[in-house]
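# Fold and contact review
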Amino acid sequence: MKYDVVVVGSGPAGSVTARFAAESGANVLIIERRQEVGVPVLCGEGISKKVDDFKVLEGRRWIANNMEGARIFSPDGAMVKLAADMAGDETGYVLYRDIFDQELARGAIRAGAELMLNTCAVDVLKENGKVNGVKAKQFGEEFDIEADIIVGADGVESKIGRWAGMKTTLKPYDLETCVQYTLSNVEFDKEYCDFYLGKKIAPGGYVWVFPKGKDIANVGIGILASLSEPGMPLKLLDKFIDSHPELKKGEPLRFLAGAVPVAEPIESVRDNLLLVGDAARQVDPITGGGLMASIEAGEIAGETIGKAVGEQRFDKKMLSPYEEKLENTVYKKLKRNYVVKEIVLGMEDKTLNMLADSLKDYKFDELSTLSLVKALVLKHPSLLIKLKPLMKLSKM
Amino acid sequence: MGKPKALVDKGKCLACGGCISVCPQDAITMCSSKAIVSKENCIDCGICIQTCPVGAISNEVY
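Note that the structure is a prediction, hence the values are computed from the model and not measured.

What counts as what
Residues numbered from 1 in each chain as written. Chains lettered and ligands numbered in written order. Predicted model: local features only at pLDDT ≥ 70, side-chain atom pairs only at ≥ 80, totals over all residues. Helix = DSSP H or I, 4+ residues; strand = E, 2+ residues; numbered from the N terminus. Rg over C-alpha atoms; globule rule 2.2 N^0.38 Å. Buried ≥ 20, exposed ≤ 12 C-beta atoms within 10 Å, placed from the backbone. Contact = placed C-beta atoms within 7 Å. Pairing = 2+ DSSP bridges. Axes fitted to C-alpha atoms, helices over the stretch in contact; angles between N-to-C directions. Nonpolar A, V, L, I, M, F, W, Y, C, P; charged D, E, K, R; others polar. Domains from an automatic or database assignment. Parallel < 35°, antiparallel > 145°, perpendicular 65-115°, else oblique. Left-handed = near helix turned anticlockwise from the far one by under 90°. Expected span 1.5 Å × (residues − 1).

## Considering the overall build of chain B
When helices and strands are tallied, chain B shows two helices and four strands. On C-alpha atoms alone, chain B measures out to a radius of gyration of 10 Å, which is about the 11 Å that the 2.2 N^0.38 rule sets for 62 residues. Here the C-alpha coordinates of chain B stretch approximately 30 × 20 × 20 Å along the principal axes. The buried share of chain B, taken over its 62 residues, is 42%. Restricting to contacts in chain B with at least 6 residues of sequence separation, those with at least 24 account for 60%.

And the structure:
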């Protein structure tokens, strides 16, 4: 079995990479461990409307709810509202992530990619020190898939990079450990995605309530693994729900556990090999959102692969434009937000309360973490000293 | 007496992969939607135990 490209993982990063590689003429195979693309869902299912700019999705079936904005609640309950009337149309959607993933995979297949389900990568193949395929397993049988380029789109627990000798192990300081219920029969404002902060609520993370419809919402929690204890996310989420009567009467339709890298992006290119998505830690370290970065990186990865296949050159130098383009775009934001993450982690609850209080009536010009940071600096110029490392990374 | 090693309770594991991503020994793999620890490679650092969101991992003396 021989392909130009084998993509391990059919999440958004894998499917978008496969799509753009196939569109530029490469012969692409995607392998997926699970028996259904997008299932089980491991996601809070929130995304920015900027996703529409990428033209990688057909129809609107993947949208569960159209958001008006976001509300952030400080430990003492002060609310900061980032709403559409202040932020233009740049708000967000809550997704049906299973349908979303399947639409992205359909896009890859339409472009000519093949997809094998129930197929797990168990190792990379190597020849003369270079990776030249993956060893795969399907229904108990092992077989080799040769390929000129291997794409590790195998998520937070990525093994492809490790097998190829890359250092992908996350520090507990760089991982959010999460659980989430999809609760039905709940009552709340369906127009807003809510975020709750505080050391007692979610150490080093937050609780989210993302409405999927009139009386149904994803209610989840992420805790920084270095601040967590065994089973703490589940205990604290149950406690949060218990203390909110509007959620307490809900019944769960779905329960899931998840792990989200909140690290800086890592090395993602070797000879014959690319990492993309959570595997490359392409996640916003503040929000834990990785969909937009994955789609953006997937497009660049796919185009880079297309060129490499066209020229029949697969060395690191040929593939490096992928990383270089990311450095100038997606990674600028991710690196900036990593610095902000560290600053926020160092803040006491009372500081968060004070900051939230000062932003109560602030009119945001955009719904983004950057506009939040800008607003904070405007209100509290002394924060600039803490934000100094940011100046090196980008012009604010 | 043997050394303690991490052990996954298959009844509790929800296959989020968090333990795998933080294991410094690459001792954990996902098998049929459950995390499995390789006793040979585990050094009982306890990072996976602390990371598990549902408390599915403990250390056992073999």
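## Things to note about the overall build of chain A
The number of helices and strands found in chain A is 14 helices and 18 strands. Here the C-alpha radius of gyration of chain A, 21 Å, is about what a compact globule of 396 residues would show, namely 21 Å. Counting only residues that meet the buried cut, chain A has 52% of its 396 residues in that class. By sequence separation, contacts in chain A at least 24 residues apart represent 71% of the contacts at least 6 residues apart.

## A closer look at the sheet that holds strand E3 (residues 46–48) of chain A
The strands making up a sheet are joined through hydrogen bonds of the backbone, oriented either antiparallel or parallel. Residue and element names in this part refer to chain A. One open sheet holds the three strands; their spatial order is E3-E7-E4, and the pairing between them is antiparallel. If you trace the sheet from one side to the other, it starts and ends with E3 and strand E4 (63–66), each paired once. Along the sheet, successive strands turn relative to each other by an average axial angle of 35 degrees, direction set aside. Alignment of E4 against strand E7 (residues 92–95), held across three bridges, turns out to be antiparallel. Bridge pairing in E7 links Asn 65 to Val 94.

## Focus on the interface of chain A and chain B
Counting residues at the interface gives 24 residues for chain A and 20 residues for chain B. Those elements that place two or more of their residues in the side of chain A that touches chain B are strand E12 (175–184), helix H5 (232–242) and strand E16 (251–261) of chain A. The element that contributes the greatest number of residues to the side of chain A that touches chain B is E16 of chain A, accounting for five residues. Taken together, the residues of the side of chain A that touches chain B sort by class into 15 nonpolar, six polar and three charged.

## Quick look at the domain arrangement of chain A
All names here are of chain A. In terms of domain boundaries, chain A breaks down into domain 1 (2–58 + 96–170 + 265–328) and domain 2 (172–261). Of note, the centres of domain 1 and domain 2, computed from C-alpha atoms alone, are 29 Å apart. Split into classes, the residues belonging to the side of domain 1 that touches domain 2 amount to six nonpolar, three polar and three charged.

## Topic: the packing of helix H1 (residues 12–23) of chain A against helix H3 (residues 97–110) of chain A
Residues and elements named next belong to chain A. Put simply, H1 and H3 touch, their axes get as near as 8 Å, and they point 20 degrees apart. With respect to each other, H1 and H3 are oriented roughly parallel. As H1 packs across H3, the resulting crossing turns out to be left-handed. Between H1, through Pro 12, Ser 15, Val 16, Ala 18, Arg 19 and Ala 22, and H3, the contact on the second element is made entirely by Asp 101, Leu 104, Ala 105, Gly 107 and Ala 108. Within the contact of H1 with H3, the residues separate by chemical class into seven nonpolar, two polar and two charged.

## Side note on the environment of Ala 121 of chain A
All names here are of chain A. Mapped onto the elements, Ala 121 comes out in strand E9 (residues 119–127). The exposure class assigned to Ala 121 is buried, which follows from the 22 C-beta atoms found within 10 Å. Spatially, the C-alpha atoms of Ala 121 and Gly 133 are 10.0 Å apart, while their sequence positions differ by twelve residues. With sequence-adjacent residues up to four places away left out, Ala 121 is seen in contact with Val 8, Ile 31, Val 134, Ala 136, Asp 154, Lys 159 and Ile 160.

## Structural notes on the sheet that holds E12 of chain A
Residue and element names in this part refer to chain A. With mixed pairing, the seven strands of this open sheet are ordered in space as E6-E5-E13-E14-E15-E12-E16. Lying at the two open borders of the sheet, with one neighbouring strand each, are strand E6 (79–83) and E16. The average undirected angle you get between the axes of adjacent strands in this sheet is 15 degrees. The pairing of E12 with E16 spans ten bridges and is antiparallel. Counted as the bridge partner of Tyr 181 is Phe 255 from E16. Of the strands in this sheet, E12, strand E14 (206–213) and strand E15 (216–224) are in contact with H5, which crosses E15 at around 135 degrees.

## A short note on the packing of H1 of chain A against helix H7 (residues 291–311) of chain A
All names here are of chain A. Contact geometry of H1 with H7 gives a least axis separation of 7 Å together with a crossing angle of 30 degrees. In terms of their interaxial angle, H1 and H7 are classed as roughly parallel. Crossing of H1 over H7 shows right-handed handedness. Across the interface between the two elements, Pro 12, Ala 13, Val 16, Thr 17, Ala 18, Arg 19, Phe 20 and Ala 21 of H1 pack against Leu 291, Ser 294, Ile 295, Ala 297, Gly 298, Glu 299, Ala 301, Gly 302, Glu 303, Ile 305 and Gly 306 of H7. Per-class residue counts for the contact of H1 with H7 are eleven nonpolar, five polar and three charged.

## Brief notes about H3 of chain A
Along an α-helix, residues three or four apart share an orientation, since each turn contains 3.6 residues. All names here are of chain A. Its 14 residues give H3 an end-to-end C-alpha distance of 20 Å, which sits within 8% of 20 Å, the value for a rise of 1.5 Å per residue. Every buried residue belonging to H3 is among Arg 97, Phe 100, Asp 101, Glu 103, Leu 104, Ala 105, Gly 107 and Ala 108, and all of these are buried. Those residues of H3 that are buried are in contact with H1, strand E2 (28–31), E7 and strand E8 (114–116). Immediately beyond the C-terminal end of H3, within one or two residues, lies Gly 112, with a positive phi of roughly 115 degrees.

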